[in-house]
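Chain residues, written in single-letter form:
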Amino acid sequence: MKVFILIACLAVAVSANKALWEDFKSNHKKSYKSLIEERLRHQIFLNNLDIIEKHNVEYEQGLTSFKKGVNQFADWTREEFGAFLKLSGSAERPKTTEKFQAVQAAPDSIDWRSTGSVTPVKDQGSCGSCWAFSTTGSLESQLKIQKGKLISLSEQNLVDCAGSYGNEGCNGGLMTSAFEYIQDHGINSEAAYPYEERDRRCRFNASAVITKVSGYVQIQEDSEEDLLNAVGTVGPVSVSIDASDEFQFYESGLFTDRTCDKAYLNHGVLAVGYGSENGKDFWIVKNSWGPSWGERGYIRMNRGKNMCGIASDACYPKL
């Protein structure tokens, strides 16, 4: 009888996992070139599902402050996810730039989404163009805050055209180098120059420039105090983080990670606010992996310990 019950339980588990696999493929529009590849991806999915479920047991027990879930990366290995994270390319970091100086006190909390100053969450797809999305994010917000216009700007414009500034399209780049390109040339809108998730020839239209920048401001390295003052008084700020490992399956909650490295920055995102919950301080961070990832495309990251290097390399544009 016990053997029968065990077999029945295993059958139910296999059936449930198969249903999850089919839902995953449908929800994320996954297709594979061969049956062999699908079997490989299915096994990776099952391995990741085990990781997610074990983590969530700890979450339910109060041993961790964030929950994991199945998302578009659930059929990727950790190594594949790490290779997807591209930030610097060959771009050189500027030797001199304007440093941030606080001119007024920041509020205790702020969320620039509530003022209509942040565009909807976008999706970079399989292209390593996070740097371009972080760049447009902070510039879109400055246009809204200073000029009253919220316009979605073109990441593809930067992917295709900012190569001479050291950026490498889908193989990485830097937000500061992207701002330098925009300072010299300007940038088109998303509507005029849509995102294509791949490198293409430059089709920039100088007659359809939405804005240029006069420069950009760098936040003091490792200073969360300065970053808070900038986000609180100026607006959303482009930030670099180490998004390795734990980031892959984040679903909700206050993200903390003892394994990430504040000196190893591989992903560009956007700090759009900050706050506190139950005595725990956090950053509100906009990602570029679509609204199905995290908290509708956002993550709340621990604030106060320069978690994953969020204050190690931050900047915003000047109009």
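Residues numbered from 1 in each chain as written. Predicted model: local features only at pLDDT ≥ 70, side-chain atom pairs only at ≥ 80, totals over all residues. Heavy atoms only, no water.

Visitor: Summarise the UniProt feature "domain: Cathepsin propeptide inhibitor" (unreviewed entry) in the protein; cite the residues concerned and give the values.
Guide: The residues that UniProt annotates with the feature "domain: Cathepsin propeptide inhibitor" (unreviewed entry) are residues 21-81. Between the first and last C-alpha atoms of residues 21-81 the distance is 19 Å; the span itself is 61% helix and 5% strand. (UniProt positions renumbered as here; feature names shortened; annotations may be inferred. Helix = DSSP H or I, 4+ residues; strand = E, 2+ residues; numbered from the N terminus.)

Visitor: Give a detailed account of the pairing of strand E7 (residues 267-277), specifying residues and quantitative values.
Guide: The buried fraction of E7 is high, at 9 of 11 residues. Across 2 bridges, strand E3 (residues 110-111) lies against E7 in antiparallel orientation. The residue of E7 that forms the bridge with Asp111 is Gly273. Alignment of strand E5 (residues 237-241) against E7, held across 5 bridges, turns out to be antiparallel. Bridging from a neighbouring strand, Val237 pairs with Ala271 of E7. Strand direction decides the pairing type here: E7 and strand E8 (residues 280-286), joined by 7 bridges, are antiparallel. (Buried < 20%, exposed > 50% of the residue type's maximum accessible area, 1.4 Å probe, protein only. Pairing = 2+ DSSP bridges.)

Visitor: Would you mind going over the pattern of salt bridges in detail, with residue names and values included?
Guide: For the structure on display, the rule yields 19 salt bridges. In this structure, Glu190 and Lys122 form a salt bridge, with 3.3 Å as the shortest nitrogen-oxygen distance. Highlighted residues: Glu190 in the loop between helix H6 (175-185) and strand E4 (215-218) and Lys122 in the loop between E3 and helix H4 (130-147), separated in sequence by 68 residues. The exposure class assigned to Glu190 is buried, which follows from its relative accessible area of 18%. The class for Lys122 is buried, based on a relative accessible area of 14%. The partner of Arg203 in a salt bridge is Asp160, with the nearest N and O atoms 3.0 Å apart. One end of the pair, Arg203, is in the loop between H6 and E4; the other, Asp160, is in helix H5 (residues 155-161), and 43 residues separate them in sequence. Three or more residues joined by partner-sharing salt bridges are found here, namely Lys122, Glu140, Glu155 and Glu190. (Salt bridge = Lys/Arg side-chain N within 4 Å of Asp/Glu carboxyl O.)

Visitor: Could you give an account of empty space enclosed by the protein, with specific residues and numbers?
Guide: As enumerated under the stated definition, the model contains 1 cavity of 30 Å³ or more in all. As a volume, the largest cavity reaches approximately 100 Å³. In terms of lining, the largest cavity is formed by 14 residues, of which the most central are Phe133, Ser134, Lys286, Asn287 and Ser288. If you list the elements that add at least two residues to the lining of the largest cavity, you get H4 and E7. The dominant element in the lining of the largest cavity, judged by the number of residues it contributes, is H4, at 5 residues. Within the lining of the largest cavity, the residues separate by chemical class into 3 nonpolar, 7 polar and 4 charged. (1 Å grid on protein atoms, 1.4 Å probe; cavity = no way out; pocket = protein on both sides within 12 Å on 5 of 7 lines; lining within 4 Å. Points joined across faces, edges and corners; volume = space filled by probe spheres on them. Nonpolar A, V, L, I, M, F, W, Y, C, P; charged D, E, K, R; others polar.)

Visitor: Hey, could you go over the packing of aromatic side chains for me, with residue numbers and the actual values?
Guide: With the rule as written, the count across this model stands at 26 aromatic pairs. Between Trp21 and Tyr32 the ring centres are 5.9 Å apart and the planes differ by 10 degrees, which places this aromatic pair in the stacked class. Residue Trp21 is located in helix H1 (residues 2-27), and its partner Tyr32 is located in the loop between H1 and helix H2 (35-60); the two are separated by 11 residues in the primary sequence. Since its relative accessible area comes to 17%, Tyr32 is described here as buried. Their ring planes at 80 degrees and their centres at 6.0 Å tell us that Tyr274 and Trp283 sit as a pair that is edge-to-face. On the basis of relative accessible area, Trp283 is assigned to the buried category, the value being 0%. A connected cluster of aromatic rings, assembled from ring pairs, spans Phe66, Phe73, Trp76, Phe81, Phe84, Phe247, Tyr250, Phe255, Trp289 and Trp293. The lysine or arginine in question, Arg300, covers the ring of Phe282, its NZ or CZ lying 5.4 Å from the ring centre. (Phe/Tyr/Trp six-rings, centres within 6.5 Å; stacked < 30°, edge-to-face > 60°. Lys NZ or Arg CZ within 6 Å of the ring centre and 35° of its normal.)

Visitor: Tell me about the UniProt feature "domain: Peptidase C1A papain C-terminal" (unreviewed entry) in the protein, residues and numbers included.
Guide: Under the local residue numbering, the UniProt record ascribes the feature "domain: Peptidase C1A papain C-terminal" (unreviewed entry) to residues 106-318. Along residues 106-318, the helical share is 22% and the strand share 21%, with 19 Å between the first and last C-alpha atoms.

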